[in-house]
Amino acid sequence: DRLRGRAQPLGVIATASGPYVAGTNEDFLDSAGSPARVFEHQAQSESTAILALSADGRLLAHAFRREVQLQDVASGAALGPPLQSDSDANDVIVQLAFGPGGNQLLARTLQGHWRVWNLAPQLQAVE
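These numbers come from a predicted model, not from an experiment. (Residues numbered from 1 in each chain as written. Predicted model: local features only at pLDDT ≥ 70, side-chain atom pairs only at ≥ 80, totals over all residues. Heavy atoms only, no water.)

Student: Mind showing me how you'd approach the nonpolar core here?
Tutor: As a rule of thumb, nonpolar side chains are buried together in soluble globular proteins. Membership of the largest hydrophobic core comes to 13 residues, with the highest contact counts inside it found for Ala61, Val68, Ile93, Leu96, Phe98, Leu105 and Trp117. Contributing elements (two or more residues each) for this core: strand S6 (59-64), strand S7 (67-72), strand S9 (93-98) and strand S10 (104-109). If near-sequence neighbours (up to four positions away) are discounted, Leu105 is found in contact with Ala61, Val68, Leu70, Leu83, Leu96, Ala97, Phe98, Arg115, Val116, Trp117 and Leu119. Core analysis: the next-biggest nonpolar cluster, separate from the first, contains eight residues, Ile13, Tyr20, Phe39 and Val73 among them. (Core = buried A, V, L, I, M, F, W, Y, C linked by side-chain atoms within 4.5 Å. Buried < 20%, exposed > 50% of the residue type's maximum accessible area, 1.4 Å probe, protein only. Helix = DSSP H or I, 4+ residues; strand = E, 2+ residues; numbered from the N terminus. Contact = heavy atoms within 4.5 Å.)

Structure, rendered in structure tokens:
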């Protein structure tokens, strides 16, 4: 309850670690028996209630107006900077889903545009 007012909840998704709450100002994971973990937003656009969990439950995606933040569910760590879309100021991400193998993240915007981000590691030589 003490976190709900501060986070201003927008959406929630069930994870193996407990409910993950997406908020206006910050997100939090409410693990049973331990203090809730609070996550600051790295995205520069407005938070939304749109969340997706990978099939194996390890990755969580939280959509913002024009960005998506990936997080490791177990540690709560942000996995890199937010993924950017090239939508205009009037568009917003309204759906998120992980691809079947978990190597892609798909998003659909209000204006019907699709975004696909490749999440597979790049295994090519540095040269």
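Student: Which parts of the structure should I look at to understand the pairing of S6?
Tutor: A regular strand places its side chains so that they alternate between the two faces of the sheet. Counted residue by residue, S6 has six buried out of six residues, so it is predominantly covered. Neither face of S6 is left uncovered, since the one carrying Leu59, Ala61 and Ala63 and the one carrying Leu60, His62 and Phe64 both have all their residues buried. Where strand S5 (residues 47-53) meets S6, four bridges bridge the pair, whose relative direction is antiparallel. Across the sheet, Ser47 pairs through a bridge with Phe64, a residue of S6. Count of turn residues in the S5/S6 antiparallel hairpin: five residues, of which Gly57 carries a positive phi of about 75°. Sheet topology places S6 next to S7; five bridges connect them, and they run antiparallel. Paired with Ala63 across the strands is Val68, a residue of S7. Taking the residues that link successive antiparallel strands as the turn, the S6-S7 hairpin has two residues. (Pairing = 2+ DSSP bridges.)

Student: Got a minute to help me understand the sheet that holds S7 in this structure?
Tutor: Strands pair in a sheet through their backbones, by hydrogen bonds, and they do so in one of two ways: parallel or antiparallel. In spatial order, the strands read S5-S6-S7-S8; together these four strands make up an open sheet with antiparallel pairing. Unpaired on one side and paired on the other, S5 and strand S8 (83-84) mark the two borders of the sheet.

Student: Explain the side chain of Thr48 here, please?
Tutor: With respect to the helices and strands, the residue Thr48 is situated in strand S5. Only 3.2 Å separates the side chain of Thr48 from the backbone nitrogen of Ile50, close enough to count as a polar contact. Among residues more than four places away in sequence, those in contact with Thr48 are Leu10, Ala22, His62, Ala63, Phe64, Arg65 and Val92. (Polar contact = N/O pair within 3.5 Å; in protein donor to acceptor, adjacent residues only side chain to side chain.)

Student: Honestly, the pairing of S7 in this entry has me stumped. Any pointers?
Tutor: Among the six residues that make up S7, five are buried, leaving the element largely enclosed by the rest of the structure. As paired elements, S7 and S8 share two bridges and run antiparallel to each other. What sits directly across from Glu67, in S8, is Gln84.

Student: Help me understand the sheet that holds strand S1 (residues 9-15) in this model?
Tutor: Pairing in this open sheet of four strands is antiparallel, and the strands run S1-S2-S3-S4 from one edge to the other. The open sheet has two edge strands, S1 and strand S4 (37-40), and neither has a second partner. Put simply, the sheet's adjacent strands are angled 20° from each other on average, direction ignored. (Axes fitted to C-alpha atoms, helices over the stretch in contact; angles between N-to-C directions.)

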